[in-house]
Structures are given as C-alpha cells and as structure tokens.
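Observations on chain architecture
Now for the letters of each chain:
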Amino acid sequence: MAIPISYNIRNMILRKRLTLMTALGIALTVTTTVFLMMLLAGMRKAFVSSGDPLNVLVLRKGSTSELTGGFTKDKMPILRQLPGIATDSHGQPMVSGEWVVVVVLPHKDGTGEVNVTLRGMEQDGLELRSKKAKLVEGSWFASGQREVVVSNSIHNRFSHTNVQVANQFNRQGAVGNAYLRATDPVAADSLKHRVADDQQLQLDGMLETEYYDKQTANGGGIRLMGFIVGLTMAIGSIFAATNTMYAAVAYRSREIATLRVMGFRRGSIVTSFVFEAVLLSLLGAVIGIALMLPFQGMGTSTSNQVTFSEVSFSMNMTGLLTMSLNFLKIPVSISLPVFAWGIVFAVAMGLIGGVAPAWGAARREILAALRD
C-alpha cells in the first residue's frame with residue numbers, strides 16, 4: 001500500500017523552517033549552476049546563430065580562423081565557377097571575397113581598450129547576410145568609400161563608433177577569406193568538399209555554422225569552471241539534504257513505526273521519503289531559477305582566443321545546452337533549456353541525498369522505533 005502524497009506535503013508544511021533552509025541551500029547551488037550555464041548558452045547562441053547553413057566559408061589550407069585564412073585573388077574566379085552556387089540579384093554567382101582585421105576601440109565607460117573585429121566585404125557580402133543583418137539607421141557602406149557600418153552592440157559599448165569611417169589596412173591583391181552562397185543544403189555540403197579537394201585551389205571549405213561552432217571552444221574554461229564549482233556545491237547540498245532527511249527520520253521515528261503497524265511496507269516508506277527529498281529539491285530549483293530571472297538577457301562579453309577580439313553576448317536561460325553521456329560509456333547527447341538543466345540538477349541532488357535516510361527509516365525495527 002502506497003503512502004499518499006498529501007502525507008509528504010503536510011510534513012513539509014509542519015517543518016516549514018527546516019524545509020525552507022534546505023530548499024535555500026539547494027537553491028544556492030542551482031543559481032550558481034544556472035548562472036554558468038546561461039553564460040555558455042548565450043555564448044553559443046551569439047556564435048552559432050550568426051552562421052547560415054547555406055554559406056560556405058573558404059580559407060587557406062591549415063587556417064583555423066578568418067584572421068589567418070588569406071589567399072590570392074586569382075583564385076576567386078575559380079570559386080565563382082563552382083557548381084551549386086546561388087545567384088545574386090544581378091544574376092551573378094553569390095560570392096564575397098572578404099577581409100577580417102582587428103581594430104582597437106575604447107570602452108565608452110573609460111574602462112580600457114579592447115580588440116574589435118572589422119570586416120571588409122564585397123557587395124554580395126550584404127546579400128549573403130540579408131536575413132541576419134538589418135539596417136537600423138543610416139545607409140549601407142558604398143564600395144570604394146572610407147565607410148563602415150557598426151552594430152548596435154558595438155555602438156552602445158565603444159567610443160568613436162558614431163561616424164562611418166575606417167582606416168585603410170592596405171590589403172591589395174588578396175582576400176582574407178571568401179563566402180559562397182549555396183543553392184541548398186546538399187549543394188553547400190558538396191561545395192565545401194569541392195573546395196577542399198580541388199588541387200588547383202589549395203583551400204579549405206567549411207559551413208559557416210561549423211566555423212562559428214568551433215569558435216565556442218573558448219567557452220571550455222567556463223564549462224570546466226562550472227563543472228568544478230557546480231560539483232563542489234552539489235556535494236555540499238547533497239549532504240545538507242541527507243542531514244535534513246536523517247533529522248526527519250529521527251524526529252518522526254514513532255510516526256514511521258506507526259505507518260509500519262498500519263500495514264505500509266518498507267518499499268512504500270522508502271519511496272515516500274525519497275519523494276519528499278525530491279519535493280524539497282524541486283522547491284529549491286524553483287527558488288534558484290526565480291533568483292536568476294533578473295539576469296536573463298543581461299549583456300556581457302568575453303575574449304575570443306581564436307580571433308583575439310572581444311565577443312559580446314547576452315545571458316540566456318531559455319537557450320539549449322547539450323550534455324553528452326559519453327563519460328558514462330553511453331553514446332547519447334541530451335539537449336535541454338538551461339532552466340530545465342537546473343531542475344534536473346536539483347532533482348538529482350534530492351535523489352542522491354534522500355536514498356540513504358529513506359533506506360535507514362524503512363529498516364528500523366518497529367518496537368525500537370516506538371520506544372524512541
């Protein structure tokens with residue numbers, strides 16, 4: 001016979017002080033874990049959402065970034081003749097030879113200077129990004145003019161970005177990279193392999209989304225820090241939940257014995273106590289996630305170790321994060337929103353922290369428990 005859920009809820013209400021303290025301890029762990037996950041999710045969205053699966057990036061062989069991917073312009077006509085390239089508004093192959101350089105700009109708040117990426121492109125570069133880049137104010141730059149277009153985030157964060165003017169970097173006779181717009185996903189995959197296999201070109205091709213996905217490699221430090229901090233705090237929260245449940249067992253020993261006399265089996269008692277621990281964890285998860293809501297969408301930045309420039313992004317609680325179970329020898333990856341991972345993390349702490357006390361409660365002799 002199963003113990004009703006109302007029994008657990010009633011006990012949590014009666015012991016509200018202990019319940020609240022335990023939930024707050026778990027909430028603290030959840031807030032720290034969710035905070036770090038929000039950073040990772042925001043960083044991933046900033047990179048990956050910038051890419052388009054139909055855009056193929058062409059770089060010099062062996063290059064890992066657009067900063068070091070330059071090659072001579074005589075290869076551009078060959079790229080334009082590759083099959084599978086979409087046409088632009090003028091009926092020409094949609095190909096853009098581009099340069100990416102780094103400029104130093106001061107923060108508006110006077111906290112110092114940082115590297116900012118500046119991209120030069122051909123007219124097709126705008127058509128390639130027509131679904132991503134929207135003009136808010138002013139006009140697009142004109143070819144051959146000393147003009148640039150800056151993003152809202154750059155304009156808001158850095159000085160000297162109000163006037164459309166750029167320095168000359170003396171990049172003649174070559175391009176830093178090239179973007180090819182494919183007609184469809186199959187053509188995009190074929191294009192990147194054609195570029196890499198062409199012995200005349202001696203270039204590498206990759207999907208734009210793949211390139212930006214690799215840029216998130218600098219999030220490895222945040223991921224490692226999050227794992228260490230989260231694990232350390234999780235262990236402390238598990239001990240707190242375990243102590244709470246052991247205290248509950250000692251406080252309710254006669255009550256447990258009475259349940260046994262009434263016919264409730266040991267399995268029902270174990271299940272009931274574990275369920276109560278999970279309820280405590282869920283309460284902690286709700287509190288922890290609620291505390292993190294004000295940080296949703298908050299802007300921050302980090303340094304990209306690949307391009308040596310600053311990356312601006314927003315913290316994202318609803319963004320998907322993928323966790324791989326390969327370390328458990330299970331070839332499975334699970335994708336969930338950040339807040340859902342916080343709930344999973346809290347429930348796992350409740351399960352681990354509640355099993356031992358629940359098992360101890362169920363194994364106690366009835367007479368000994370009644371004498372306590």
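Residues numbered from 1 in each chain as written. Predicted model: local features only at pLDDT ≥ 70, side-chain atom pairs only at ≥ 80, totals over all residues. Heavy atoms only, no water.

To continue, consider the nonpolar core. The nonpolar side chains of a soluble globular protein tend to be buried, and buried together. Core analysis: the biggest nonpolar cluster contains 21 residues, and V30, V34, M38, M317, L321, V338 and A346 have the highest contact counts within it. Broken down by secondary-structure element, the contributors of at least two residues to this core are α2 (16-48), α10 (266-292) and α11 (338-363). At 10 residues, the largest contribution of residues to this core is made by α2. If sequence neighbours within four positions are ignored, M38 has contacts with M292, F295, Q296, M315, N316, M317 and V338. One finds V56, V95, A182 and A188 within the second-largest nonpolar core, a separate group that totals 19 residues. (Core = buried A, V, L, I, M, F, W, Y, C linked by side-chain atoms within 4.5 Å. Buried < 20%, exposed > 50% of the residue type's maximum accessible area, 1.4 Å probe, protein only. Helix = DSSP H or I, 4+ residues; strand = E, 2+ residues; numbered from the N terminus. Contact = heavy atoms within 4.5 Å.)

Below, the discussion takes up the packing of aromatic side chains. For the structure on display, the rule yields one aromatic pair. With centroids separated by 6.0 Å and ring planes inclined at 85°, the aromatic side chains of F35 and F295 adopt a geometry described as edge-to-face. Linking F35 in helix α2 with F295 in the loop between α10 and β8 (299-304), this pair joins segments that are 260 residues apart in sequence. Here R129 stacks its cationic end above the ring of Y179, 4.7 Å away from the centre of that ring. (Phe/Tyr/Trp six-rings, centres within 6.5 Å; stacked < 30°, edge-to-face > 60°. Lys NZ or Arg CZ within 6 Å of the ring centre and 35° of its normal.)

Position of G138 among the secondary structure elements: in the loop between α4 (123-128) and α5 (152-157). Residue classification places G138 among the exposed positions, given a relative accessible area of 61%. Separated by 11 residues in the primary sequence, G138 and V149 place their C-alpha atoms 8.6 Å from one another.

Here we take up the pairing of strand β3 (residues 95-106). Where a strand is regular, its side chains alternate between the two sheet faces. Counted residue by residue, β3 has nine buried out of 12 residues, so it is predominantly covered. Relative to strand β6 (residues 177-181), β3 runs antiparallel, the two sharing four bridges. Along β6, the bridge assignment pairs S96 with Y179. Here β3 pairs with strand β4 (residues 113-120) via eight bridges, running antiparallel. The residue of β4 that forms the bridge with V101 is L118. Linkage of β3 to β4, two consecutive antiparallel strands, is achieved through a turn of six residues, within which G110 is found at a positive phi near 75°. (Pairing = 2+ DSSP bridges.)

Glancing now at the pattern of salt bridges. A full pass over the atoms with the stated rule returns eight salt bridges. The partner of R80 in a salt bridge is E122, with the nearest N and O atoms 2.9 Å apart. Residue R80 is found in helix α3 (residues 76-80), and its partner E122 is found in the loop between β4 and α4; the two are separated by 42 residues along the sequence. Accessibility expressed as a relative area gives 29% for R80, which makes it partly exposed. Residues joined in a network through salt bridges with shared partners are E66, E98, R119 and R129. (Salt bridge = Lys/Arg side-chain N within 4 Å of Asp/Glu carboxyl O.)

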